[in-house]
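Observations on chain architecture
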Amino acid sequence: MSWNIKSISGGFVAIATGAFLALSNVSAVAFPDKDITFIVPYKPGGGSDAQARRLQAGLEKNLGVKIRIVYKTGGGGAVGFNELYRSKPDGYTISNVVVPNIIVTSKGKDVGYKPGDFAYIGMTEKSVGALAVKKGSKYKSLKELVTFAKANPGKLTIAGVGSTGHSNYAEMVNALGIKATYVPISGGVGKMLPFLIGGHFEASILAASHGVKHRAKVDVLGLAGDKKSSALPAPTMDSLGFKGFTMETTWGLMAPPGTPADRVKILNAALLKTIADPSVKDAQLKVGMIPMAQTPEEAKKYVANAAGAVARRAKMLEMLLKK
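Structural notes, computed from the coordinates. (Residues numbered from 1 in each chain as written. Predicted model: local features only at pLDDT ≥ 70, side-chain atom pairs only at ≥ 80, totals over all residues. Heavy atoms only, no water.)

1. Quick notes on helix α9 (residues 261-276)
The end-to-end C-alpha distance of α9, which contains 16 residues, comes to 22 Å, matching closely the 22 Å that a straight helix rising 1.5 Å per residue would cover. When α9 is considered as a whole, its buried residues turn out to be Arg263, Val264, Leu267, Asn268, Ala270, Leu271, Thr274 and Ile275. The buried residues of α9 occupy an angular sector of 165° when projected down its axis, which confines them to one face. Seen from the buried face of α9, the exposed residues on the opposite side, beyond 90 degrees, are Ala261, Asp262, Lys265 and Lys273. (Helix = DSSP H or I, 4+ residues; strand = E, 2+ residues; numbered from the N terminus. Expected span 1.5 Å × (residues − 1). Buried < 20%, exposed > 50% of the residue type's maximum accessible area, 1.4 Å probe, protein only. Arc of directions from axis to C-beta.)

2. Brief notes about the pairing of strand β11 (residues 248-255)
Two faces, one strand: in a regular strand the side chains alternate between the faces of the sheet. Among the eight residues of β11, seven are classified as buried, and the element is accordingly described as predominantly covered. As paired strands, strand β6 (residues 119-134) and β11 are joined by eight bridges and run antiparallel to one another. Looking at β11, one finds that valine 128 is bridged to glutamate 248. (Pairing = 2+ DSSP bridges.)

3. Let's talk about the packing of aromatic side chains
The relation between two aromatic rings is expressed through the spacing of the ring centres and the mutual angle of the planes. Scanning the entire structure with this criterion turns up seven aromatic pairs. Judged by centre distance (5.0 Å) and plane angle (75°), the ring pair of phenylalanine 31 and tyrosine 92 falls under edge-to-face. Residue phenylalanine 31 is found in the loop between α1 (17-24) and β3 (36-40), and its partner tyrosine 92 is found in the loop between α3 (78-86) and β5 (93-99); the two are separated by 61 residues along the sequence. Using a relative accessible area of 9% as the deciding quantity, one classes tyrosine 92 as buried. A network of ring pairs unites the aromatic residues Tyr42, Phe81, Tyr85, Tyr113 and Phe118 as a single cluster. Here the basic side chain of lysine 34 rests over the ring of tyrosine 92, its NZ or CZ set 4.6 Å away from the ring centre. Lysine 138 extends its terminal NZ or CZ atom over the ring of phenylalanine 148, reaching a point 4.4 Å from the ring centre. (Phe/Tyr/Trp six-rings, centres within 6.5 Å; stacked < 30°, edge-to-face > 60°. Lys NZ or Arg CZ within 6 Å of the ring centre and 35° of its normal.)

4. Digging into the packing of helix α2 (residues 47-63) against α9
Where α2 meets α9, the closest approach of the two axes is 9 Å, and the angle between their N-to-C directions is 125°. Between α2 and α9, the angle is such that the two are oblique. As α2 runs across α9, the sense of the crossing is right-handed. Here α2 contributes Leu55, Gly58, Leu59, Asn62 and Leu63 to the contact with α9, which in turn contributes Ile266, Leu267, Ala270, Leu271, Lys273, Thr274 and Ile275. Split into classes, the residues belonging to the contact of α2 with α9 amount to eight nonpolar, three polar and one charged. (Axes fitted to C-alpha atoms, helices over the stretch in contact; angles between N-to-C directions. Parallel < 35°, antiparallel > 145°, perpendicular 65-115°, else oblique. Left-handed = near helix turned anticlockwise from the far one by under 90°. Contact = heavy atoms within 4.5 Å. Nonpolar A, V, L, I, M, F, W, Y, C, P; charged D, E, K, R; others polar.)

5. Structural notes on the packing of α9 against helix α10 (residues 278-286)
Running from N to C, α9 and α10 cross one another at 70°; their axes reach a closest spacing of 5 Å. For the element pair α9 / α10, the angle class is roughly perpendicular. Two secondary-structure elements touch here, α9 through Thr274, Ile275 and Ala276 and α10 through Pro278, Val280 and Lys281. Residue composition of the contact of α9 with α10, grouped by class: four nonpolar, one polar and one charged.

Structural data, given as structure tokens:
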């Protein structure tokens, strides 16, 4: 090992050249070189947990480190999103991002983040919205449900998850031309389904992928918009003449604000390799998901565009509440 002699305050100090170079290159250490924490902001068994499990093995293979899944639940996802927001921006903590949830929850009083703050890695899948009833319901079709609601304004009860569900509900009842009663549920779709199956309300708004997963217990009467599901034989609302309900739920990955762009790029490359695997695509399609592949820039733009749709639904909800 060679030595350099440096003058400091009139004295001299010997510095080992090799050690000095090693210290100056700390930032150049290969990334990643340790486990990555994957925050799931919703309870086990839900859509975000399922997405994380589909990606886990592929990310571990393509990054060469373990992916450690942890659950930080509450506030419709806000607790987990806040946990990520406060995490060290070094690429070793990532999280699900759910659109529009990340946008809607950011408007809460005690929430410190904004959707544009995060470093987006990429969106991986989406599912169209759906209106579901329990198996054995008296409503055998969407038209039967609409007919009842029009004859009995306000008597039909429809549940959704939190404030996101409420704005989706406003857009849906407007499209169907009915008056109903909204039932807010916190804790995700996994918390809502037992109440639907138990008859505590008559219908619920969820993603088509949830309808596929729980098709032994629920029937989907209609899908939002004009996009059919390859795994779910249900009609679209557009095809039945009910236009204007365009709900989509999208899942992706994000990192804390300020995460270095080069590390986000590495995470994105591993993500793209993972979702390109036929086994991952098959798993997505099997549960009614529409596969997606994005760059970090495309993901950031996607969230920004979704914010506009959320604002439109919020205005519709405001008008509905004034009636």
